[in-house]
Amino acid sequence: MTSGTAFGEWLGEVGRLSGLARSGFVALVRRPYALGAWVREMEHIGVRSLGVAGITAIFTGMVLALQTAYSLPSLGVKYYIGTVVSKSVVRELGPVLTALIVGGRIGAGMTAEIGTMKVTEQIDAMRSMAADPVKKLVAPKLAATLIMLPALTIIGNGLGIIGGLIIATLQLDLTPGFYLNDVLDSLTIDDIASGVGKSIFFAYFIAVIGCHNGLTAGGGADGVGRATTNTVVMASIMVLVSDFFLTKFFYLFF
């Protein structure tokens, strides 16, 4: 395969992904709304991901507090550990790690589910009955991800700050009141809006990539496995790349 052919295929893939992003948004806002399907997807995507998101967040806060205080002891950083943990977790680590960990799980699940329907020709049967697969399959998953990933991010932010509190009190000999006052003094609405805003973009990217790879899967069970792997890789790269540009954007406006 020549480089020109590979580049052309890459452009075609980007075009198909962009097309699904647009059609998925249109299907999401167009009536009727399948609220029952939305709630089922929210339970599957959000509630079942709460454990892994919580564990990731709380230990991230603990490690961040410990490393910061022990790496820069001469600067008295431990007295500002609440500021360091809250700013880092709420603006950056909370949204990104939640998107990477939870996004890999839910994105792979979307691809496996839709890809299995694709290779077993259930989606073709749906189209033959004049049903829109994007409206029936993509829109509920997109809606649930847009709602639940920011919610998980907010919960994760709180647990990350609690993780920092545990280390501040048990390892750094700070009082809970001192730590929490530092958090409340340093954390602003702009910080929270920046982190939650990032998670909304991440949710859209993850859902679109997961559904796209499922809808384009082929080659039986092996093809579904490859599509699932591609989803995890593509979603992770998209989260990390977009995080750079979103960080610059939110620092300009928030």
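Residues numbered from 1 in each chain as written. Predicted model: local features only at pLDDT ≥ 70, side-chain atom pairs only at ≥ 80, totals over all residues. Heavy atoms only, no water.

Chemist: Got a sec to walk through the nonpolar core? Specific residues and values, please.
Modeler: L20, L149, F202, I206 and V208 are the most contacted members of the largest nonpolar core, which has 41 residues in total. Only α1 (3-29), α2 (35-45), α4 (81-119), α5 (122-128), α6 (133-170), α8 (189-215) and α9 (220-253) provide two or more residues apiece to this core. Here the element with the most residues in this core is α6; it accounts for ten residues. Residues within four places of L149 in sequence aside, it is in contact with T98, A99, V102, A144, S199, F202, A203 and I206. With 16 residues, the next largest nonpolar core counts I167, L172, L174 and Y179 among its residues. (Core = buried A, V, L, I, M, F, W, Y, C linked by side-chain atoms within 4.5 Å. Buried < 20%, exposed > 50% of the residue type's maximum accessible area, 1.4 Å probe, protein only. Helix = DSSP H or I, 4+ residues; strand = E, 2+ residues; numbered from the N terminus. Contact = heavy atoms within 4.5 Å.)

Chemist: Report on empty space enclosed by the protein, specifying residues and quantitative values.
Modeler: As enumerated under the stated definition, the model contains two cavities of 30 Å³ or more in all. In this structure, the largest cavity occupies an estimated 70 Å³ of space. For the largest cavity, the full set of lining residues is A53, T56, A57, T60, V89, L93, G94, L97, T98, G156 and N157. At the level of elements, α3 (50-71), α4 and α6 are the ones that each hand at least two residues to the lining of the largest cavity. Per-element tally for the lining of the largest cavity: the top contributor is α4, with five residues. Looking at side-chain class alone, the lining of the largest cavity contains five nonpolar, six polar and no charged residues. (1 Å grid on protein atoms, 1.4 Å probe; cavity = no way out; pocket = protein on both sides within 12 Å on 5 of 7 lines; lining within 4 Å. Points joined across faces, edges and corners; volume = space filled by probe spheres on them. Nonpolar A, V, L, I, M, F, W, Y, C, P; charged D, E, K, R; others polar.)

Chemist: If you had to explain the layout of surface pockets to someone new, which residues and values would you point to?
Modeler: The computed volume of the largest pocket comes to approximately 420 Å³. In terms of lining residues, the largest pocket is bounded by 14 residues, among which V14, L17, I209, M234 and M238 are the most central. Those elements that place two or more of their residues in the lining of the largest pocket are α1, α8 and α9. Residue contributions to the lining of the largest pocket peak at six residues, all from α1. The residue inventory of the lining of the largest pocket, partitioned by class, reads twelve nonpolar, one polar and one charged.

Chemist: Can you explain the packing of aromatic side chains? Please cite residues and give values.
Modeler: Considering all chains together, one arrives at four aromatic pairs under this definition. When the centroid spacing of 6.3 Å and the interplanar angle of 80 degrees are considered together, the rings of Y79 and F178 count as edge-to-face. Of the two residues, Y79 is situated in the loop between α3 and α4 and F178 in helix α7 (residues 176-186); the sequence distance between them amounts to 99 residues. For Y79, a relative accessible area of 44% translates into the label partly exposed. Measuring from ring centre to ring centre gives 5.1 Å for F244 and F245, while their planes differ by 80 degrees; the resulting arrangement is edge-to-face. The exposure class of F244 is partly exposed, given its relative accessible area of 48%. (Phe/Tyr/Trp six-rings, centres within 6.5 Å; stacked < 30°, edge-to-face > 60°.)

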